[in-house]
Amino acid sequence: MRYSLAACLVALMAVSSPTPASASTDAPCRDVDVPVTVLGHREVVHGSLCAPTGATTVHLLIPGSTYNSAYWDFPDGRHSFRAAQNAAGIATFAVDRLGTGRSSKPLAVTLTAFAQADAMHQVVLGLRAGAHGPRFSRVVIGGHSLGAAIAAVEAGTYHDVDGVLLTGMTHRVNPVGVAAAFANFRPANLDPKFGLLHPLGYLTTAPGTRYDSFHAPGELVPDVMELEEATKDVFSPTEAVDGLGVAVLLPFSLLIDVPVMTAVGSRDAAVCGPLATDCSTSETLHAAEAPYFRAPLRAYALPGYGHSINLAPNARDYYSAVSSWVSQEVGR
């Protein structure tokens, strides 16, 4: 693995502060602010690090567009990928992408998938060096949708992780489904949640559109949709363009040299269907995606749900499949 001395020093300077652990797990959690240098500018990646006693493997979790770290530990108490992995003895570091949550908000036009991947590389170095408390010997980088594209770019560029989890992403997208989702995006500073003072150039979903964009045709659960609207976030169009172009269309995944797991909802309108990927079963998903990887690949299709599988009623089956894959292919 290749690490730069400067990046190691940046990671070691991270500032962390303890916060109470969530009631859903015994794993202690702490807020962490990781200083990174991206395109010559100092920025901060914020996240929540939750580490069960003795954990030596950590998931670095990157949310998708219009999500932040809450996607991995949803505040309804029923949908927590984070808690499920912690219960399996695997630590988690769920981050806010640059531009979202409590991370820095650079000029939107400067944010690309490559810039985000550079920031994540520096986060990986800190996790390995023990900059935030525990020193982890194994790091699994994982992402959802746009976050998955960023994870693929990071792993294929820096070769510094031990496993890659890609969710809500395949290499043959459904143009109709993608166009329908993009039709629901609006400037964030015109949305009441963010207001006129929000930095220009970022996009979010129009109020009341998140079910159609990310969950249909799965079960519509009113309280989940209310929290979706309350916790939604933003993205930069530039990170979406090169994230799709480089990670998906080229594809960057051929450069990954560690075990990979891909997981999608079987009825994800953005990436599945006759014009895209056959996600009907885990076997058909594996057959469709295998040509895009040289590394060992495991595939999992969550039955009956759309794009944001962390919030599916049967999400626990997917959480369990991921922890089993980590145990068998990466180690914990």
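All values derive from a computational prediction rather than experimental measurement. (Residues numbered from 1 in each chain as written. Predicted model: local features only at pLDDT ≥ 70, side-chain atom pairs only at ≥ 80, totals over all residues. Heavy atoms only, no water.)

Looking now at the overall build of the chain. Helix and strand content of the chain: 10 helices and 11 strands. Taken against the 2.2 N^0.38 rule, which gives 20 Å for 332 residues, the C-alpha radius of gyration of the chain at 18 Å falls within 12% of a compact globule. Expressed along its principal axes, the backbone C-alpha trace of the chain runs to roughly 45 × 45 × 40 Å. For the chain, the proportion of its 332 residues judged to be buried stands at 60%. Within the chain, contacts between residues separated by at least 24 positions form 71% of all contacts whose residues are at least 6 apart in sequence. (Helix = DSSP H or I, 4+ residues; strand = E, 2+ residues; numbered from the N terminus. Rg over C-alpha atoms; globule rule 2.2 N^0.38 Å. Buried < 20%, exposed > 50% of the residue type's maximum accessible area, 1.4 Å probe, protein only. Contact = heavy atoms within 4.5 Å.)

A full pass over the atoms with the stated rule returns two disulfides. Put simply, Cys272 and Cys279 are joined by a disulfide, and their sulfur atoms are 2.0 Å apart. Taking the sign of the S-S torsion, about -90 degrees here, the bridge from Cys272 to Cys279 comes out left-handed. The exposure classification of Cys272 matches that of Cys279, with both residues buried. Bonded cysteines in the chain are paired 1-2, 3-4 when counted in the order they occur along the chain. (Disulfide = S-S within 2.5 Å.)

With that settled, consider the nonpolar core. Among the nonpolar cores identified, the biggest contains 89 residues, and Leu60, Phe93, Met120 and Tyr318 are the most heavily contacted of them. Every residue in contact with Met120, bar those within four places of it in the chain, is listed here: Val45, Leu60, Ile62, Val95, Ile141, Ile150 and Glu154. Membership of the second largest hydrophobic core comes to eight residues, among which are Val271, Cys272, Cys279 and Ala299. (Core = buried A, V, L, I, M, F, W, Y, C linked by side-chain atoms within 4.5 Å.)

Okay, the side chain of Ser104 next. The residue Ser104 is located in the loop between β5 (91–95) and α3 (113–129) in this model. At a separation of 2.7 Å, a polar atom in the side chain of Ser104 contacts the main-chain amide nitrogen of Val44. (Polar contact = N/O pair within 3.5 Å; in protein donor to acceptor, adjacent residues only side chain to side chain.)

Most of strand β7 (residues 163–167) is tucked away, with five of its five residues classed as buried. Side chains Gly163, Leu165 and Thr167 of β7 all project onto a buried face; the interleaved residues Val164 and Leu166 project onto the opposite face, where all are buried too. Across five bridges, strand β6 (residues 138–144) lies against β7 in parallel orientation. Bridge pairing links Gly142 to Leu165 in β7. What joins β6 to β7 is helix α4 (residues 146–158), and the crossover it makes is right-handed. Sheet topology note: the β7/strand β10 (residues 260–265) ladder contains four bridges and is parallel. In the sheet register, Thr167 faces β10, and the bridge partner there is Ala263. (Pairing = 2+ DSSP bridges. Right-handed = clockwise from strand over helix to strand, strands pointing away.)

This brings us to the pattern of salt bridges. One pass over the full model with this rule turns up 10 salt bridges. Because the salt bridges share partners, they merge into one network encompassing Asp76, Arg78 and Asp223. (Salt bridge = Lys/Arg side-chain N within 4 Å of Asp/Glu carboxyl O.)

Attention now moves to the layout of surface pockets. The space that makes up the largest pocket amounts to roughly 340 Å³. Lining the largest pocket are 15 residues, and of these Asp31, Ser48, Ser69, Ala70 and Asp73 lie nearest its centre. Those elements that provide at least two residues to the lining of the largest pocket are β2 (29–38) and β3 (41–50). Take the lining of the largest pocket: its biggest share by element is four residues, from β3. Broken down by class, the residue content of the lining of the largest pocket amounts to four nonpolar, six polar and five charged. (1 Å grid on protein atoms, 1.4 Å probe; cavity = no way out; pocket = protein on both sides within 12 Å on 5 of 7 lines; lining within 4 Å. Points joined across faces, edges and corners; volume = space filled by probe spheres on them. Nonpolar A, V, L, I, M, F, W, Y, C, P; charged D, E, K, R; others polar.)

This part takes up the confidence of the model for the chain. Mean pLDDT for the chain: 91, with 92% of residues reaching 70 or above. A low-confidence stretch, residues 1–25 (pLDDT under 50), is modelled with 57 contacts involving residues beyond four sequence positions or located in other chains. (pLDDT = per-residue confidence, 0-100.)

It is worth spelling out the environment of Gly304 at this point. Counting through the fold element by element, Gly304 comes out in the loop between β11 (297–302) and α10 (315–330). Not counting the four nearest positions on each side in its chain, Gly304 is found in contact with Gly218, Ser266 and Arg267.

Among the seven residues that make up β6, six are buried, leaving the element largely enclosed by the rest of the structure. Judged from the six bridges that link them, strand β4 (residues 57–62) and β6 form a sheet pairing that is parallel. The residue of β6 that forms the bridge with Leu60 is Ile141.

With that settled, the discussion passes to α3. Relative to the 24 Å expected for 17 residues at 1.5 Å per residue, α3 spans 24 Å between its end C-alpha atoms, a close match to the ideal helical length. Judged by how many residues are buried, α3 sits mostly within the fold: 14 of 17 residues are covered. (Expected span 1.5 Å × (residues − 1).)

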